[in-house]
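Listed here are the chains, written in short residue letters.
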Amino acid sequence: MKTPYDVIIAPVLSEKAYGGYAEGRYTFWVHPEATKTEVKNAVQQAFKVKVMEVNVMNVAGKKKRMGRYEGRRANRKKAIVTVAQGQKIEALEGLI
(Lines give C-alpha, C1' and ligand atoms only; values in the text may rest on other atoms or scores of the structure.)
Protein backbone atom coordinates (compact mmCIF):
# COMPACT_ATOMS: atom_id res chain seq x y z
CA MET A 1 0.00 0.00 0.00
CA LYS A 2 1.87 3.03 -1.24
CA THR A 3 -0.48 5.99 -1.60
CA PRO A 4 -3.77 6.85 0.14
CA TYR A 5 -5.52 6.25 -3.17
CA ASP A 6 -4.33 2.63 -3.20
CA VAL A 7 -6.07 2.09 0.16
CA ILE A 8 -9.28 4.12 -0.34
CA ILE A 9 -11.24 2.83 -3.33
CA ALA A 10 -14.42 4.96 -3.18
CA PRO A 11 -16.88 6.54 -0.75
CA VAL A 12 -20.04 4.57 0.03
CA LEU A 13 -23.00 6.45 -1.44
CA SER A 14 -26.11 5.42 0.50
CA GLU A 15 -28.68 7.02 2.77
CA LYS A 16 -27.23 5.27 5.80
CA ALA A 17 -23.74 6.57 4.98
CA TYR A 18 -25.09 10.13 4.48
CA GLY A 19 -26.78 9.93 7.88
CA GLY A 20 -23.40 9.61 9.57
CA TYR A 21 -22.05 12.87 8.12
CA ALA A 22 -23.74 14.89 10.90
CA GLU A 23 -21.75 12.96 13.55
CA GLY A 24 -18.51 13.15 11.55
CA ARG A 25 -18.67 9.53 10.32
CA TYR A 26 -17.66 8.81 6.73
CA THR A 27 -17.86 5.43 5.02
CA PHE A 28 -15.43 4.19 2.37
CA TRP A 29 -14.83 1.06 0.32
CA VAL A 30 -11.20 0.14 1.01
CA HIS A 31 -8.64 -2.36 -0.28
CA PRO A 32 -9.47 -5.87 1.00
CA GLU A 33 -6.05 -6.24 2.66
CA ALA A 34 -6.00 -2.77 4.27
CA THR A 35 -5.65 -2.53 8.05
CA LYS A 36 -7.23 0.05 10.37
CA THR A 37 -3.91 1.89 10.67
CA GLU A 38 -3.48 2.07 6.89
CA VAL A 39 -7.04 3.37 6.47
CA LYS A 40 -6.50 6.00 9.18
CA ASN A 41 -3.26 7.24 7.62
CA ALA A 42 -4.77 7.26 4.12
CA VAL A 43 -7.80 9.36 5.16
CA GLN A 44 -5.62 11.80 7.11
CA GLN A 45 -3.28 12.28 4.15
CA ALA A 46 -5.96 12.46 1.45
CA PHE A 47 -8.46 14.75 3.20
CA LYS A 48 -6.27 16.63 5.77
CA VAL A 49 -8.45 15.74 8.79
CA LYS A 50 -7.73 14.19 12.18
CA VAL A 51 -9.13 10.65 12.39
CA MET A 52 -10.30 9.58 15.84
CA GLU A 53 -11.66 6.08 15.15
CA VAL A 54 -11.79 3.50 12.35
CA ASN A 55 -14.14 0.51 12.16
CA VAL A 56 -13.67 -2.01 9.34
CA MET A 57 -15.89 -4.83 8.19
CA ASN A 58 -15.85 -7.42 5.44
CA VAL A 59 -18.95 -7.40 3.23
CA ALA A 60 -19.74 -10.71 1.54
CA GLY A 61 -20.75 -10.59 -2.12
CA LYS A 62 -24.36 -11.40 -2.93
CA LYS A 63 -25.51 -14.17 -5.26
CA LYS A 64 -27.10 -12.78 -8.41
CA ARG A 65 -29.01 -14.54 -11.19
CA MET A 66 -29.54 -13.79 -14.85
CA GLY A 67 -32.09 -16.31 -16.03
CA ARG A 68 -30.74 -19.77 -15.29
CA TYR A 69 -27.17 -18.56 -14.79
CA GLU A 70 -25.99 -17.71 -11.34
CA GLY A 71 -23.06 -15.50 -10.46
CA ARG A 72 -21.66 -13.75 -7.45
CA ARG A 73 -20.64 -10.18 -6.69
CA ALA A 74 -17.15 -9.64 -5.34
CA ASN A 75 -16.42 -9.58 -1.60
CA ARG A 76 -15.47 -6.10 -0.37
CA LYS A 77 -14.19 -4.32 2.72
CA LYS A 78 -15.89 -1.26 4.19
CA ALA A 79 -14.42 1.24 6.65
CA ILE A 80 -16.34 3.71 8.81
CA VAL A 81 -14.06 6.59 9.77
CA THR A 82 -14.86 9.06 12.58
CA VAL A 83 -13.11 12.42 12.32
CA ALA A 84 -12.39 14.87 15.15
CA GLN A 85 -15.25 17.01 16.39
CA GLY A 86 -15.70 20.16 14.33
CA GLN A 87 -13.93 18.75 11.27
CA LYS A 88 -15.53 17.45 8.09
CA ILE A 89 -14.52 16.16 4.68
CA GLU A 90 -15.62 18.88 2.28
CA ALA A 91 -15.22 16.70 -0.81
CA LEU A 92 -17.91 14.31 0.44
CA GLU A 93 -20.25 16.90 1.97
CA GLY A 94 -21.10 18.23 -1.49
CA LEU A 95 -22.36 14.85 -2.71
CA ILE A 96 -25.64 14.98 -0.78
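Residues numbered from 1 in each chain as written. Predicted model: local features only at pLDDT ≥ 70, side-chain atom pairs only at ≥ 80, totals over all residues. Heavy atoms only, no water.

Chemist: Can you help me understand the environment of G20 in this one?
Modeler: Along the chain, G20 turns up in the loop between α2 (15-19) and β2 (25-30). Through-space distance from the C-alpha of G20 to that of Q45 is 21 Å; in sequence the pair is 25 residues apart. (Helix = DSSP H or I, 4+ residues; strand = E, 2+ residues; numbered from the N terminus.)

Chemist: What is the right way to look at unusual backbone geometry in this model?
Modeler: In terms of backbone geometry, most residues other than glycine have negative phi values and most peptide bonds are trans. Not every positive phi belongs to a glycine, and K48 is a case in point at roughly 55°. Looking at where K48 falls in the secondary structure, it is placed in the loop between α3 (36-47) and β3 (51-59).

Chemist: Honestly, the side chain of T27 in this entry has me stumped. Any pointers?
Modeler: Tracing the backbone shows T27 in strand β2. Looking at T27, the relative accessible area reads 11%, which means it is buried. Sequence-distant contacts of T27, that is, excluding residues within four places in its chain, are made with P11, V12, A17, K78, A79 and I80. (Buried < 20%, exposed > 50% of the residue type's maximum accessible area, 1.4 Å probe, protein only. Contact = heavy atoms within 4.5 Å.)

In short, the description is geometric, and any link to function would need to be established separately.
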